[in-house]
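Residues per chain are reported as follows:
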Amino acid sequence: MLYGVRRVALLGATGSIGRQAIEVVERHPELELCALQSGSAPLDALAAAHGVAHVQVGGDPIPLLDRSAPDVVLNAVVGFAGIRATLWALEQGVTLALANKESLVAAGELAIRARERGGGQLLPVDSEHSALFQCLEGREADSVEGLVLTASGGPFRGRSRAELEGVTVAEALSHPTWQMGPKITIDSATLANKGLELIEAHWLFGLPYDRIEVVVQPTSIVHSLVRFRDGALLAHVGVPDMRVPISFALTYPERAATDVPQLPLAGLELAFEAVDEDAFPMLSLAREAGERGGTAPCAFNAANEVAVAAFLDGRLGFAEIAAVVEETLTRVDGAPARDLDDLVAADREARELAARGLQPA
Ligand SMILES: NC(=O)c1ccc[n+]([C@@H]2O[C@H](COP(=O)([O-])OP(=O)(O)OC[C@H]3O[C@@H](n4cnc5c(N)ncnc54)[C@H](OP(=O)(O)O)[C@@H]3O)[C@@H](O)[C@H]2O)c1
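Computed from a predicted structure; not experimentally measured. The residue numbering used here restarts from 1 in each chain and proceeds along that chain's sequence as written. Local features are withheld for residues below a pLDDT of 70 in this predicted model, meaning they are given only at 70 or higher, and side-chain atom pairs are given and counted only at 80 or more; totals for whole chains, interfaces and linings count all residues. The basis for the side-chain values is all heavy atoms of the structure; hydrogens and waters are excluded.

Draft legend 1. Structural view of the pairing of strand E2 (residues 31-38). Buried, partly exposed and exposed residues are distinguished by accessible area as a fraction of the type maximum, computed with a 1.4 Å probe on protein chains only: under 20%, between the cut-offs, and over 50%, respectively. Secondary structure elements follow DSSP: runs of H or I of four or more residues count as helices, runs of E of two or more count as strands, with numbering from the N terminus. The buried count for E2 comes to seven of eight residues, which makes it a mostly enclosed element. Think of it this way: DSSP has to see at least two bridges between two strands before they count as a pair. Bridging between strand E1 (residues 6-11) and E2 involves six bridges; their strand directions are parallel. By the bridge assignment for E2, Leu10 is matched with Leu36. In this region the chain leaves E1, passes through helix H1 (residues 16-27) and returns to the parallel neighbour E2; the handedness of that crossover is right-handed. Summarising the sheet, E2 and strand E3 (residues 54-57) pair through four bridges and their orientation is parallel. Looking at E3, one finds that Ser38 is bridged to Val57. For the crossover from E2 across helix H2 (residues 44-50) to E3, the handedness is right-handed. With the strands aimed away from the viewer, a crossover counts as right-handed if its path from the first strand over the helix to the second runs clockwise.

Here it is, written out as structure tokens:
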């Protein structure tokens, strides 16, 4: 049991994570929805079904969060649009269950400073980071050698750069192991998602980039691993189902029951492969942006959002996504952001540069 009712503000309520979060809330009598937000989809039926008084479609989430006074903010908005809610929760010291990785990638330094001031909990919902969080819990920082993020490799694992020319939106949207929203599914096909996760891991766990590896584990059974200085590796293993990390974050530290089946182990084979960074250059571009620091990760994210939207609309070829991002990164100065206004300006500038670089598919 939790220690009393936990009131959850669910932002991105109509998305893939949002819908699974609702299942988790329905499963647990001590979780209660107190606020809902979507981008444009109507929320009336959902609000009525759950007796939620504070509801907003689009716009700035801060008045909604102020009014509803949640115990936990589950930020499941897609893209940079999630940034205000992330910074609000961290600044206020309200527990943040974070699925919206783009906000931490773009605003890493601002977010970490806001968390220091606010003093609240930041619980990752991304399955890899939830896994790392769990493997790291209770360990001394100096016992940790490094982090290992696992990647499924996406639908195009094993293809060369040339074989990726001309792949279609439908092919890129058919992910082998996860059912997710369209933007993260394309990010998984280009490996930009793993690049975003690399930067996210850097900010969440405070390790330098040269101590964060990425390895392909095609079945997504191993959610990530931590290497310790004594030679031990701790892995988080289970069926790939986002309700597990969502439930972990919403009921932390209870680890409440879910409806997710247990993983049968007899006969289970786990293979690992290196990432082909020539075929999937988005991972190295993200690593470079992360190491460069300042607003370079914000520009990486912004350019990627523009390029992915263009690919989904049929205005850009799959292989050109990385070209647009690379070109944008060479043009931005990457100067650090002092505040949210600076960051919003850096995001806008990168979007404009990326939009100019779009080539017809
Ligand atoms: N899906 C997964 O399994 C998964 C796993 C790990 C991490 N994540 C991360 O979780 C986040 C959400 O992913 P998703 O797959 O759930 O995406 P999704 O299915 O596309 O859903 C996105 C949600 O964000 C809302 N939204 C869009 N723009 C908004 C805005 N300006 N203000 C407020 N809400 C807005 C959408 O509302 P409308 O319906 O009105 O458009 C929708 O509710 C992403 O950052 C993703 O990287 C997802």
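Draft legend 2. Structural detail: the sheet that holds strand E10 (residues 233-237). Overall, mixed pairing links the four strands, which are arranged E8-E7-E9-E10 in an open sheet. Of all the strands in the sheet, the pair left with one neighbour each is strand E8 (212-216) and E10. Adjacent strand axes in the sheet meet at a mean angle of 20 degrees when their direction is disregarded. Here strand E9 (residues 222-228) pairs with E10 via five bridges, running antiparallel. From the neighbouring strand, Val222 faces E10, where its bridge partner is Val237. Running over the sheet, helix H7 (residues 127-136) touches strand E7 (144-151), E9 and E10 and is turned about 35 degrees from E9. Helix axes are fitted only over the stretch in contact, all axes being lines through C-alpha atoms; the angle between N-to-C directions runs from 0 to 180 degrees. Contacts between residues were defined by any pair of non-hydrogen atoms, one from each residue, lying within 4.5 Å.

Draft legend 3. Spotlight on the environment of Gly154. On the secondary structure map, Gly154 appears in the loop between E7 and helix H8 (169-172). Judged by its relative accessible area of 6%, Gly154 is buried. Between the alpha carbons of Gly154 and Ala345 there is a distance of 32 Å; along the sequence they are 191 residues apart. Aside from chain neighbours lying at most four places away, what touches Gly154 is His175, Pro176 and Ser188.

Draft legend 4. The arrangement of the sheet that holds E1 in detail. The six strands are arranged E3-E2-E1-E4-E5-E6 in an open sheet whose pairing can be described as parallel. Of all strands in the sheet, those with a lone pairing partner are E3 and strand E6 (122-124), marking the two edges. For this sheet, the mean angle separating the axes of adjacent strands, direction not counted, is 20 degrees. Inspection of the sheet shows strand E5 (residues 95-98) paired to E6 by three bridges, in the parallel sense.

Draft legend 5. Molecular detail of the pairing of E9. Among the seven residues that make up E9, six are buried, leaving the element largely enclosed by the rest of the structure. The pairing of E7 with E9 spans five bridges and is antiparallel. Directly across from Leu149, in E9, lies its bridge partner Ser224.

Draft legend 6. How the structure looks around the nonpolar core. Definition of nonpolar core: a set of buried residues of the types Ala, Val, Leu, Ile, Met, Phe, Trp, Tyr and Cys, connected through side-chain atoms within 4.5 Å. Grouped together as the largest cluster of nonpolar side chains are 116 residues, with contacts concentrated most on Leu147, Leu250 and Phe300. A per-element tally of this core places helix H13 (residues 296-312) first, with 11 residues. The contacts of Leu147, once residues within four sequence positions are left out, are Leu132, Leu136, Ala201, Phe205, Leu207, Arg211, Ile212, Glu213, Leu225 and Val226.

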